[in-house]
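# Notes for the structure review
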Amino acid sequence: MLTDDSHEFLRVLIDQLCEDLKDVPLCKENKIQEASEIELDNMPLLQKSDYWWRRHLAQNSSVITRDFCGQLISTIQCTVCKTKRYTFDPFYDISLPFPEGSGDSAGNNQKQSRRSLLQSRRNSTDLSRCSLDDCLREFCKDEELQDMTECSKCRQKRESTKKLQVFRFPRVLVLHHKRFGNSRKKVRTSIDFPKASFDASPLAYADGLHANGITAPIYELYAVIDHSGRLNFGHYVATCVDPHSGSWYKFDDEDAREYDLFDGAGAYMLFYRLKES
């Protein structure tokens, strides 16, 4: 584990806080009866989402889970009969790939098939800028799975695709940009990201928007972590907003000063909180 990486550090910190702040009575309230595989296969999608959500809360209820935890839905589709199956997983942050052609994005997007990786490298134009929406669309793209999977309808292994979307949005949405790819080179593409009103609906699975009462996933930025330098020799700087004055401040080691310049060149992690309706 890269303990000096801010993303890895955040994951370790959240795991530890979830454990230390665990609400044991609330965990007990969320305990549910185990469902069989047949029962799960026959469950409506919303009921299945709720089942796996409560399974997670039964072990991890805390103020951290309440604010930072969301739920991903993975849709795996057989390319022959088009049958779909769904799985659900909790998340505390989302790692976003860069669009194809962005620096070394062909190496950082682990969701791409080997064939599409080679094609993207051949077609790479090394984009110097992209938008946050571009990264969201890249995250939600259909992925061609390299390994064949068992299709329940065909009753044999078939080629299939996988699509990731958000079924339940958290109160605090943490977005991590995959600037360090498999080739160990840094993607230096600048990211244009909104501050006041960020619509995260491109990430949404349509039937899940009402799953946890969030009908419009509109967020506002409250913190940014920038990275400068290379993979093995770099520096992190945090920029955060004062919730009372609305002023932004930059924290660079012992130096803290008012700051309101965002060019997106080093944006590594973005922290958004849900706007109150």
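A short tour of the structure in this document, coming up. Each residue is numbered by its place in its chain's sequence as written, counting from 1. Predicted model: local features are reported for residues with pLDDT of at least 70 only, side-chain atom pairs are reported and counted for 80 or more only, and whole-chain, interface and lining totals are derived from all residues. Values reported for side chains reflect all heavy atoms of the structure, with hydrogen atoms and water molecules removed beforehand.

### Concerning the overall build of the protein chain
Numbering of helices and strands runs from the N terminus, with a helix taken as a DSSP run of H or I at least four residues long and a strand as a DSSP run of E at least two residues long. A tally of regular secondary structure across the protein chain gives eight helices and 16 strands. Whether a residue is buried, partly exposed or exposed follows from its accessible area with a 1.4 Å probe, protein chains only, as a fraction of its type maximum: under 20%, in between, or over 50%, in that order. For the protein chain, the proportion of its 277 residues judged to be buried stands at 44%. Between two residues, a contact is recorded if the distance between any of their heavy atoms is within 4.5 Å. Put simply, 69% of the contacts in the protein chain that link residues at least 6 apart link residues at least 24 apart.

### Here's the deal with the packing of aromatic side chains
Here the aromatic set is Phe, Tyr and Trp, taking the six-membered ring for Trp, and pairing holds for ring centres within 6.5 Å; pairs whose planes are under 30 degrees apart are stacked, those over 60 apart are edge-to-face, and all others are tilted. Evaluation of the coordinates by the stated rule reveals nine aromatic pairs. Judged by centre distance (6.5 Å) and plane angle (50 degrees), the ring pair of Phe-169 and Tyr-219 falls under tilted. With Phe-169 in the loop between β8 (160-168) and β9 (172-177) and Tyr-219 in strand β12 (residues 218-229), this residue pair connects regions lying 50 residues apart in the sequence. Residue classification places Tyr-219 among the buried positions, given a relative accessible area of 0%. Its end group placed over the ring of Tyr-259, Lys-250 keeps NZ or CZ at 4.6 Å from the ring centre. The rule is short: NZ of Lys or CZ of Arg within 6 Å of the ring centre and within 35 degrees of the ring normal puts a charge over the ring.

### A short note on the side chain of Ser-160
Along the polypeptide, Ser-160 turns up in strand β8. Within polar-contact distance, the side chain of Ser-160 engages the side chain of Thr-149 at 2.9 Å. Leaving out residues up to four positions away in the same chain, Ser-160 has contacts with Ile-76, Gln-77, Cys-78, Thr-79, Glu-143, Glu-144, Leu-145 and Thr-149. In the analysis that follows, any N or O atom pair within 3.5 Å is treated as a polar contact, provided that within protein one partner can donate a hydrogen and the other can accept it, and provided that, for residues neighboring in sequence, both atoms belong to side chains.

### Remarks on the pairing of strand β1 (residues 70-78)
Here β1 lies mainly inside the structure; eight of its nine residues are buried. Strands are treated as partners if at least two bridges between them are detected by DSSP. Pairing of β1 with strand β2 (residues 84-91), which is carried by eight bridges, proceeds in the antiparallel orientation. Of the residues in β2, the one forming a bridge with Ser-74 is Thr-87. Joining the antiparallel neighbours β1 and β2 is a turn of five residues, in which Lys-82 adopts a positive phi near 70 degrees. Strand direction decides the pairing type here: β1 and β8, joined by eight bridges, are antiparallel. Its bridge partner being in β8, Leu-72 is matched across the sheet by Val-166.

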